[in-house]
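Residues per chain, in single letters:
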Amino acid sequence: MADAEGLLRELAGRHRVATSFWGWDGAEHPVSDATLRAVLGALGVPVGSTDEMLAALDDVDLEPWRRLLPPVVVTRQGHEAPVQVHVPHGSSVSVWVTAEDGTSYTVRQVDDWEEPRAVDGVLTGRAVFLLPSDLPLGWHTLHADTDGRTASSALVVTPRQLSTTQQLAEGRRWGLMAQLYSVRSRRSWGIGDFGDLADLAAVAGAEGAGFVLVNPLHAAEPVPPIQDSPYLPTTRRFVNPLYLRIEDIPEYGYLNPEDRAHVEELARERAAANSSSGLLDRDATFAAKLAALELVWHVPRSPAREQAYRRFRDGAGPGLDDFALWSALAAAPQAHDAAPSWPAPGSAEADRLREQLADRVDFYRWLQWLCDEQLEAAQRTAQDCGMDLGLIHDLAVGVRPDGADAWTLSGTLAEGVSVGAPPDVFNQQGQDWSQPPWHPGRLAESGYAPYRDMLRTILRHAGGVRVDHILGLFRLWWIPGGGSPGDGTYVYYDHEALVGILALEAQRAGAVVIGEDLGVFEPWVRDYLAERGIFGTSILWFENDAEGRPLEPERYRQQCLTSVNTHDLPPTAGYLAGEHVRLRESLGLLERPLEDELAAAAGELEGMMALLRERGLLPEAGSSADEQRTIEALYTLTTLTPSALLGVALVDAVGDRRTQNQPGTHLEHPNWRVPLTGHDGEAILIEDLAANPRFASLVSTIRGALGA
């Protein structure tokens, strides 16, 4: 009789589900049987009985033998990658490649001594073919033919190393890091928008910045109420029209006088919020913008504008159509009454609804075109103002479980689990991000097309992309539904495919990639990312040597974005005051007594201050250094590193103190609703930024330290 627990753990291992993991405390933690059963169930693996598990183990071995070709092949350029082909024993088979430009390549067979085996009653043999090493980069098709039976699969040739990284080898660049919604001007409607993004890039470019890194701009719900967190969108492929600058839409200029007056009144009502330091109100702003957009939508477009819109629609393809249909369905009043049950995309019923809602579907397609135009304009402004990289966008880890991607991509997402993070030193109860993960097998079955399409959209008007939790391309922490974050386990992905495709799409877009590689990770991961030309991320507070002391700046990575701060910490002014500890204590997020945490934080600060004094960036111990000088000293320390990219948090540049996001919380803290304010708590607008004394002083310090 087979041992059930042993079978369960063997089955988990075969499906790349971790049966134990190393925690932040340095100890190995076993994963419970209940978690393994739930995660395997989400992968579609039957684990109800011993017989089912034995059969499932056989299926793992037989699955590739049941296919003529694998579902997808991802390889590196210049590599003769082997491809296994399975045919009835004794049958001949031919294999060839059709490149995306139509060129055909022959594929040669090599010896393989694997014995044939019985597969579902058919004696099946294996043949091995080597892909030619001269295949160009791109998305190609692999074909096979055996006695008239044919198959094809996606073949993706990726760069050995992202070539755009090489442009950063010469010189060093600094740039601003900002939460766009919080950065407003006198022209905003209470929330920072694409016009503000262009102006922020102009201000930073005039000071010598090479980039502006902003929060994810992914779309939220199509009508209020909308999700505050930019990291919990409804889709990662399309853009949030909340950020549209109404007055920059060409058709706005052709509104009739009555409609123009109405839009101007809406703008005046929302502009009153721009100078407020109170919490941001996305719903009010979005409601006002949608009212204005409905009026602009009915303005006839010129022939040139109409053709541009059609080109955008054709280029975006069925993905845009499905997103727009979801938006039209989700915007209907009855969609908010209960959990909607909509037909599957592509079904006859979905097509009927698409026709029935044609006008609303086109409205939501049109919004995406406007977003695309205004993002293009913002990137053009950034480059015209001297930035070589310009805008760096942020890619969130996942999406809402009830959003557009969850509907349109349901075939490639896992159900019954969510993504999060295990307990760590800053989030000692772990995190549940409430996002369905990619299903590794079904994503591969799709040829990685949904992943590719998402990357192409975010890279359209960008000099770079920051990938939040890039470690998720290697493994993700899956939490069974109803469980706590600590009840999860890691599920491993084909990182060679995911990182390779990321590098391919970035190279084609001429963009750099910055991976947020903080947190718990396996030591080899950073080396692998560096090998592929992917930048890492270093935050001063998290970089320590083996003895726990702050890392010497000379030991930082060159291929890295280094900064003092991240949006998951308070602004540095607040961090220096220990507000990150007191906030977590007030929210019940500490596992140790407050006194212990404060003592640990004080020790951490003293270690960093000692390093600053040692480098002559602060006066000797016993002398006083005010908050602003300390912040400038910390940023000067980043300039002593070899890191090619240096990030300056806008909140630090103006002395803001309030925490933008506290991980592990939802309604307990006003996450993602805090506007940009100065050290005095008063709102700071973009028009006043260049003349702000603290901003001018910090960027001057950075420029001077870099010799610019």
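Rules used throughout
Residues numbered from 1 in each chain as written. Predicted model: local features only at pLDDT ≥ 70, side-chain atom pairs only at ≥ 80, totals over all residues. Heavy atoms only, no water. Salt bridge = Lys/Arg side-chain N within 4 Å of Asp/Glu carboxyl O. Helix = DSSP H or I, 4+ residues; strand = E, 2+ residues; numbered from the N terminus. Buried < 20%, exposed > 50% of the residue type's maximum accessible area, 1.4 Å probe, protein only. Phe/Tyr/Trp six-rings, centres within 6.5 Å; stacked < 30°, edge-to-face > 60°. Lys NZ or Arg CZ within 6 Å of the ring centre and 35° of its normal. Pairing = 2+ DSSP bridges. Axes fitted to C-alpha atoms, helices over the stretch in contact; angles between N-to-C directions. Contact = heavy atoms within 4.5 Å. Core = buried A, V, L, I, M, F, W, Y, C linked by side-chain atoms within 4.5 Å.

What follows covers the pattern of salt bridges. Opposite charge on two side chains makes pairing possible when the charged atoms of those side chains draw close. By the definition in use, this model includes 53 salt bridges. Notably, a salt bridge pairs Arg108 with Glu80, separated by 3.6 Å at the nearest N-O pair. Within this pair, whereas Arg108 is found in strand β7 (residues 108-110), its partner Glu80 is found in the loop between β3 (72-76) and β4 (82-88), the two being separated by 28 residues in sequence. Look at Glu80 and you get partly exposed, because its relative accessible area is 36%. Put simply, Arg549 and Glu547 hold a salt bridge, and the shortest N to O gap is 3.4 Å. Taking the relative accessible area as the measure of exposure, Arg549 reaches 47% and is therefore partly exposed. For Glu547, a relative accessible area of 56% translates into the label exposed. One connected set of salt bridges, linked through shared partners, spans Arg76, Glu496, Glu531 and Arg532.

With that out of the way, let us pick up the environment of Pro670. On the secondary structure map, Pro670 appears in the loop between α19 (650-654) and α20 (693-706). Judged by relative accessible area, which is 26%, Pro670 ranks as partly exposed. Spatially, the C-alpha atoms of Pro670 and Thr659 are 8.9 Å apart, while their sequence positions differ by 11 residues.

As a further point, take the packing of aromatic side chains. Aromatic ring pairs are described here by two measures, namely the spacing of the ring centres and the angle between the planes. For the structure shown, the criterion picks out 17 aromatic pairs. Ring centres of Phe194 and Tyr243 lie 5.8 Å apart, and the angle between their planes is 45°; on these two criteria the pair is classed as tilted. One end of the pair, Phe194, is in helix α4 (residues 194-206); the other, Tyr243, is in the loop between β13 (211-214) and α5 (257-271), and 49 residues separate them in sequence. Here Phe194 and Tyr243 have matching classes, each one buried. Between Trp477 and Tyr490 the ring centres are 4.9 Å apart and the planes differ by 75°, which places this aromatic pair in the edge-to-face class. You can see Trp477 sitting in strand β18 (residues 475-480) and its partner Tyr490 sitting in strand β19 (residues 489-492), a full 13 residues away along the chain. Exposure class is identical for Trp477 and Tyr490. Each is buried. Aromatic rings pair up to connect Trp297, Phe363, Tyr364 and Trp366 into one cluster. Of note, Arg452 hangs over the ring of Trp139, and the distance from its end group to the ring centre comes to 4.8 Å. The lysine or arginine in question, Arg475, covers the ring of Tyr490, its NZ or CZ lying 3.6 Å from the ring centre.

Looking now at the sheet that holds strand β10 (residues 138-146). Spatial strand order, β3-β11-β10-β5-β6: 5 strands in an open sheet with mixed pairing. Each having just a single partner strand, β3 and β6 (104-106) make up the two edges of the open sheet. Here the average twist between neighbouring strands, direction ignored, is 30°. Bridge analysis of strand β5 (residues 94-98) against β10 gives 5 bridges, and the strand direction is antiparallel.

Right, let's get into the sheet that holds strand β16 (residues 431-435). Across a sheet, strands are paired by hydrogen bonds formed along the backbone, either parallel or antiparallel in direction. Strands sit in the order β16-β15-β18-β19 across an open sheet of 4 strands; the sheet is antiparallel. Strands with a single pairing partner mark the edges of an open sheet, and in this sheet they are β16 and β19. Strand-to-strand twist across the sheet, computed as the mean angle between neighbouring axes with direction ignored, equals 50°. Taken together, the 4 bridges between strand β15 (residues 417-421) and β18 define a ladder with antiparallel strand orientation. Looking across to β18, one finds that Gly420 is bridged to Trp477. Here helix α2 (residues 33-42) sits on the sheet and contacts β15, β18 and β19; the angle it forms with β18, its principal contact strand, is near 110°.

In terms of nonpolar packing, the biggest core is built from 125 residues, with Phe194, Leu293, Trp366 and Leu650 touching the most fellow members. Counting residues per element, this core draws most heavily on helix α7 (residues 303-331), which supplies 12 residues. If you look at the next biggest cluster of nonpolar residues, it comprises 66 residues, including Leu36, Val45, Val156 and Tyr451.

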